[in-house]
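Structural overview for review
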Amino acid sequence: MFSTLVDLILPPRCGGCHLAGSWLCGICLRRMRRLEQPLCRRCGAELESPRGGCGCRGRLRSLTRLRSAVAYEGPVESAIQRFKYQGWRRLASPLAALIAERVLVEGLAASMVVAVPLHRDRERQRGFNQAELLAHELRRRTGLRPPPGRLLRIRTTVPQVGNDRLHRWQNVKGAFEWRGPQLSGRSVIVVDDVATTGATLEACASALNEGGAGPVIGVTVARVRI
Ligand SMILES: [Zn+2]
Ligand SMILES: [Zn+2]
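So, a few notes on the structure that sits alongside this text. (Residues numbered from 1 in each chain as written. Chains lettered and ligands numbered in written order. Predicted model: local features only at pLDDT ≥ 70, side-chain atom pairs only at ≥ 80, totals over all residues. Heavy atoms only, no water.)

1. A closer look at the sheet that holds strand E2 (residues 112–115)
Note the following rule: We call two strands paired when DSSP finds no fewer than two bridges between them. Note on conventions: DSSP H or I runs of at least 4 residues are helices, E runs of at least 2 residues are strands, and numbering of each starts at the N terminus. A fitted line through C-alpha atoms represents every axis, and for helices the fit uses only the stretch in contact; the resulting angles, taken between N-to-C directions, go from 0 to 180 degrees. Contacts between residues were defined by any pair of non-hydrogen atoms, one from each residue, lying within 4.5 Å.
Strand order in the open sheet formed by four strands is E1-E6-E5-E2, and the pairing between neighbours is parallel. Only two strands of the sheet have a single partner each, and these edge strands are strand E1 (63–71) and E2. For this sheet the average axis-to-axis angle between neighbouring strands, irrespective of direction, equals 25°. Two elements, E1 and strand E6 (residues 216–223), share seven bridges in a ladder whose sense is parallel. Its bridge partner lying in E6, Ser-68 is registered against Thr-220. Where helix H6 (residues 130–142) meets the sheet, it contacts E2, strand E5 (188–195) and E6, and its direction lies at approximately 130° from that of E5. Docked against the sheet, helix H8 (residues 199–210) engages E1, E5 and E6, running at close to 160° with respect to E5.

2. Quick look at the coordination of the zinc ion (ligand 2)
Each donor-metal-donor angle would ideally measure 109.5 degrees in four-coordinate tetrahedral geometry, or 90 or 180 degrees in six-coordinate octahedral geometry. Selection rule: Note: metal donors comprise N, O and S atoms at 2.8 Å or less from the metal (3.2 Å for Na, K and Ca); water molecules are not included, so apparent gaps in a site are possible. Four donors are marked tetrahedral only if all angles between them lie between 85 and 135 degrees, whereas four are marked square planar and six octahedral if opposite donors are more than 155 degrees apart and the other angles lie between 65 and 115; the remainder are marked irregular.
The protein atoms donating to the zinc ion (ligand 2) are Cys-40 (SG), Cys-43 (SG), Cys-54 (SG) and Cys-56 (SG), with metal-donor distances spanning 2.1 to 2.3 Å. Bound by four donor atoms, the zinc ion (ligand 2) shows angles of 102 to 118° at the metal and therefore tetrahedral coordination geometry. Sequence positions of the residues that donate to the zinc ion (ligand 2) give the spacing C-x2-C-x10-C-x1-C. With Cys-40 in the loop between helix H2 (26–31) and E1 and Cys-54 in the loop between H2 and E1, the pair connects residues that are 14 residues apart, well separated along the chain.

3. Here we look at the coordination of the zinc ion (ligand 1)
Stated precisely, the cut-off is as follows: Relative accessibility decides the category of a residue: with a 1.4 Å probe and only protein chains considered, values under 20% of the type maximum give buried, values over 50% give exposed, and everything between is partly exposed.
Note on the zinc ion (ligand 1): its protein donors are Cys-14 (SG), Cys-17 (SG), Cys-25 (SG) and Cys-28 (SG). The metal-donor distances range over 2.3 Å. Given four donor atoms and angles of 105 to 115° at the metal, the environment of the zinc ion (ligand 1) is assigned as tetrahedral. In terms of primary sequence, the donors binding the zinc ion (ligand 1) are separated according to C-x2-C-x7-C-x2-C. Of this pair, Cys-14 sits in the loop between helix H1 (2–9) and H2 while Cys-25 sits in the loop between H1 and H2, placing them eleven residues apart in sequence. Given a relative accessible area of 0%, Cys-14 falls into the buried group.

This is how it looks when you write it as structure tokens:
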């Protein structure tokens, strides 16, 4: 209980380095490494050379693009851990600002912003869905709309951490379902905190396509190097 209230009762402290004054300090923001070109056109992974591919085309069938703001290392790693597991919910705003910056730089356009859902048992346990907080802040910053229905996680999945690569794809396949009106070709941005292989976002995109969505773009705060 205490952990979920920490940001409501304490003055701001940096999620990266614990310095008092703001939820993400200027030093940590400068230390975060923006992902640099060359990036894979589809999945946004950093490539060794502009001609190199990353072999994601066979795996990302529904997700048309995936973009992350920064590399999952240093201060952003600490900030995301505090945001997710220690209930520092106020971090949603500065973390979503990083996504908004990337959305703008890449010129990503869509008609709505959807969060990667948690299974209701896990959401009840944690008290909130960190991706929904990010999606809410991203909508606020971009003026994009919420979806006209709900994307649901219909089956619990083993936490992705520690899963091997192949297992990740099996783990989340068919785990999501769109409940709502047909999306009639409308484009969607799906938001999560961290992406590794993109398996979770791909599974969300697949469910949204089943619901009639047009292009589905995944965006995350950070990207784990694989
Ligand atoms: Zn800091
Ligand atoms: Zn790729």
